[in-house]
Amino acid sequence: MTSTNGKIGLRNWLTHPTTAFLLRIVLGCVFIYASLDKIKHPGLFAEAVYNYQLLPDVTVNLVAILLPWLELFSGSLLVLGLWMEGSILIVSGLMVVFIGALGINLARGLDVHCGCFITQSSDPITILTLFRDSLFLLLAFYLFWLYQIRGVEERFSLGRVFRRDSSRLHPS
């Protein structure tokens, strides 16, 4: 892990289990935080969803109620290190949808506020909003690569604890 001069190499640091853990916590906390105000103010979030003008009117309230809970659930799974494959895929899928919705409304030139973190925000969506969400998507893809393709060890994960305990119950 250390080079000959004692410094940690960038490549080793980027693929280190502790780095993966910290990035997992950051992304999970972003999703948890994003869900809280939406859960507290579902009516205001429904207005934000409606203002995007992407969904049939009949689905707006359902999306406004379910989406924040999905964000809370998937963010919590990431923080706890449970069902990593599914939680990373859910977060990635949500980010693709969010980026698409932001991009469509930026292209339309609609004056829509994001509703991303605070439902009562009057800040319009900008290219910076799209850039921020793209960074979150890249982070989700990076976590997928680290955990699913590279096979980085899951540090501080309840999923790891449960797997270890179940192997004790069913010895090979």
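For the structure, see preceding data.
Residues numbered from 1 in each chain as written. Predicted model: local features only at pLDDT ≥ 70, side-chain atom pairs only at ≥ 80, totals over all residues. Heavy atoms only, no water.

A. Representation of helix 4 (residues 57-80) in the model. Its 24 residues give helix 4 an end-to-end C-alpha distance of 35 Å, which sits within 8% of 34 Å, the value for a rise of 1.5 Å per residue. Approximately 35° is the largest bend angle found in helix 4, and it occurs at valine 63. Within helix 4 the residues assigned to the buried category are Val60, Ala64, Leu67, Pro68, Glu71, Ser74, Gly75, Leu77 and Leu78. Those residues of helix 4 that are buried are in contact with helix 2 (17-40), helix 3 (42-51) and helix 5 (84-108). Downstream of helix 4 by one or two residues, glycine 81 has phi in the positive range, about 75°. (Helix = DSSP H or I, 4+ residues; strand = E, 2+ residues; numbered from the N terminus. Expected span 1.5 Å × (residues − 1). Bend = angle between axes of the 7 residues up to and from the residue. Buried < 20%, exposed > 50% of the residue type's maximum accessible area, 1.4 Å probe, protein only. Contact = heavy atoms within 4.5 Å.)

B. Quick look at the state of the cysteines. Summed over all chains, the structure comprises 1 disulfide. For cysteine 114, the disulfide goes to cysteine 116, at an S-S distance of 1.4 Å. For the residue pair cysteine 114 and cysteine 116, the accessibility class agrees, reading buried in each case. (Disulfide = S-S within 2.5 Å.)

C. Region of interest: the packing of helix 2 against helix 6 (residues 127-149). At a closest axis distance of 10 Å, the pairing of helix 2 and helix 6 adopts a crossing angle of 140°. The angle between helix 2 and helix 6 places the two elements in the oblique class. Seen from above, helix 2 lies across helix 6 with left-handed handedness. Between helix 2 and helix 6, the contacting residues are Ala20, Phe21, Leu23, Arg24, Leu27 and Val30 on the first element and Phe136, Leu139, Ala140, Tyr142, Leu143, Leu146 and Tyr147 on the second. Looking at the contact of helix 2 with helix 6, its residues break down into 12 nonpolar, no polar and 1 charged. (Axes fitted to C-alpha atoms, helices over the stretch in contact; angles between N-to-C directions. Parallel < 35°, antiparallel > 145°, perpendicular 65-115°, else oblique. Left-handed = near helix turned anticlockwise from the far one by under 90°. Nonpolar A, V, L, I, M, F, W, Y, C, P; charged D, E, K, R; others polar.)

D. Quick look at the nonpolar core. Leu27, Phe31, Tyr52, Val91 and Met95 are the most contacted members of the largest nonpolar core, which totals 37 residues. For this core, the secondary-structure elements that each account for two or more residues are helix 2, helix 3, helix 4, helix 5 and helix 6. In terms of residue count, helix 5 provides more of this core than any other element does, 9 residues in total. Contacts of methionine 95, omitting those with residues within four sequence positions, involve Phe31, Asp133, Phe136 and Leu137. (Core = buried A, V, L, I, M, F, W, Y, C linked by side-chain atoms within 4.5 Å.)

E. The arrangement of the environment of phenylalanine 21 in detail. Among the structural elements, phenylalanine 21 can be located in helix 2. The spatial distance from the C-alpha of phenylalanine 21 to the C-alpha of leucine 143 is 9.2 Å, given a sequence separation of 122 residues.

Nothing here speaks to function; it is all geometry.
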